[in-house]
Amino acid sequence: MKKKKPLFSNDDYQYSSLPTTRKEAFKDVYRHNFKTITLSGLFLLLFSLPLVIFLVVMDFGKLGMTPERFGEEELKAVLFLWDIIINAGAVVLLYVVLIGLMGATRVLKLLVWQEGIDFSYDFKQGIKENFKHFSLLYLFGAIIYLGTYAVYIFLLNFLIGIWLMILFIIIFVSIGVWNIFVINVYQTTLWNYIKNAVFFFSKCIPLTLLYVVMIVFPFFAVFIPVSGLTIVIKYPVILAMIILYYPFLIVIGYLYSLAKFDLFINKDNYPEIYRKGLYDINKK
């Protein structure tokens, strides 16, 4: 498909001005494209609002759940049902966030590649290009998560539930993160995407796990005891992180993954994107 000519470019300078390393590329991308990165975060926030509003409503609803109002036994049953609703609702609404991620990842990839951006076009194109494979992977992950959660609530064993969730994060989320970057760079089948994601995870386990921890640690805010004060503090912080922190993580993820793609795949198989976005004296 022919790419639409960009309406503007923050990278309109000589090839020799390109950064030579990924570390320099990070500084260069933020120096020349901070507004576009922030705009990506704002669009990601837009797609995150249904989930955030849902969680706020559920937290406020939980404020009125006290032993004085329900009694201890009834309160346990109400909280149990409330927890199920929160998890089921979050899984559904997190898919809306994923749609925003489909667009944002394409925009940020083009910035890392030092290509011109037509934000509206590229964001919508990212949704169009990534929709099928992102959706299938998310459906698969949601089924695994809900199955893991079901085992936890029916066994009613906190320790088992915690270990199952840790295992889910270590395996599926780690592979899922690599899938995001592989899907945005290459065109192949879903099965090949998964195989490549597993391969790169196996080659980069320590840093992948560190990256996943950086992604998921804000989600542990759900374990903070609910009160009016925690709600007022927690959600503004979460909104700010969606705008600034998660686009930062995506840029970092691209720079690292592209370095690994160059090392294991691009140099021999895709020379046209080898060190793309970086200065190479051999290409002068």
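Everything numeric here is computed off the predicted structure, so don't read it as measured data. (Residues numbered from 1 in each chain as written. Predicted model: local features only at pLDDT ≥ 70, side-chain atom pairs only at ≥ 80, totals over all residues. Heavy atoms only, no water.)

As a further point, take the confidence of the model for the protein. For the protein, mean pLDDT is 88; residues scoring 70 or higher make up 90% of the total. Within the protein, helix α2 (residues 67–70) has the poorest average pLDDT of any element, 71, and helix α6 (residues 190–203) the best, 96. For residues 1–12, every residue scores under 50 in pLDDT, and the model assigns this stretch 29 contacts once sequence neighbours within four places are set aside. (pLDDT = per-residue confidence, 0-100. Helix = DSSP H or I, 4+ residues; strand = E, 2+ residues; numbered from the N terminus. Contact = heavy atoms within 4.5 Å.)

Inspection of every chain in the model, using the stated rule, returns six salt bridges. Here R106 ties to E129 by a salt bridge, and the two come within 3.2 Å at their closest N and O atoms. Placement of R106 in helix α3 (residues 72–112) and of E129 in helix α4 (residues 119–155) is noted, with a sequence separation of 23 residues between them. Classification of R106 as buried rests on a relative accessible area of 8%. Overall, E129 belongs to the partly exposed group, its relative accessible area being 39%. Among the charged side chains, a network of salt bridges with common partners joins R106, D122 and E129. (Salt bridge = Lys/Arg side-chain N within 4 Å of Asp/Glu carboxyl O. Buried < 20%, exposed > 50% of the residue type's maximum accessible area, 1.4 Å probe, protein only.)

It is worth spelling out the packing of aromatic side chains at this point. Taken as a whole and assessed by the stated rule, the structure comprises 25 aromatic pairs. Both rings, one in F26 and one in Y30, keep their centres 5.1 Å apart while their planes meet at 45°; by these two values the pair is tilted. Here Y30 and F26 lie together in helix α1 (residues 22–63), a separation of four residues that amounts to about one turn. Ring centres of F43 and F123 lie 5.0 Å apart, and the angle between their planes is 55°; on these two criteria the pair is classed as tilted. One end of the pair, F43, is in helix α1; the other, F123, is in helix α4, with 80 residues separating them in the sequence. Overall, F43 belongs to the partly exposed group, its relative accessible area being 30%. Following the ring pairs from residue to residue traces out a cluster consisting of W178, Y186, F199, F200, Y256, F261, F264 and Y270. (Phe/Tyr/Trp six-rings, centres within 6.5 Å; stacked < 30°, edge-to-face > 60°.)

In this section: the side chain of T208. Positionally, T208 belongs in helix α7 (residues 205–216). Given a relative accessible area of 4%, T208 falls into the buried group. Leave out the neighbours within four places in its chain, and T208 touches S174, W178 and F201.

With that settled, the discussion passes to the packing of α6 against helix α8 (residues 228–269). Any two packed helices are characterised by the angle at which their axes cross and by the distance between the axes. The contact between α6 and α8 brings their axes to 12 Å, and the two run at 110°. It follows that α6 is roughly perpendicular to α8 by the angle criterion. Note that α6 runs across α8; the crossing there is right-handed. Between α6 and α8, the residues in contact are N196, F199, F200 and K203 and K260, F261, F264 and I265, respectively. (Axes fitted to C-alpha atoms, helices over the stretch in contact; angles between N-to-C directions. Parallel < 35°, antiparallel > 145°, perpendicular 65-115°, else oblique. Left-handed = near helix turned anticlockwise from the far one by under 90°.)

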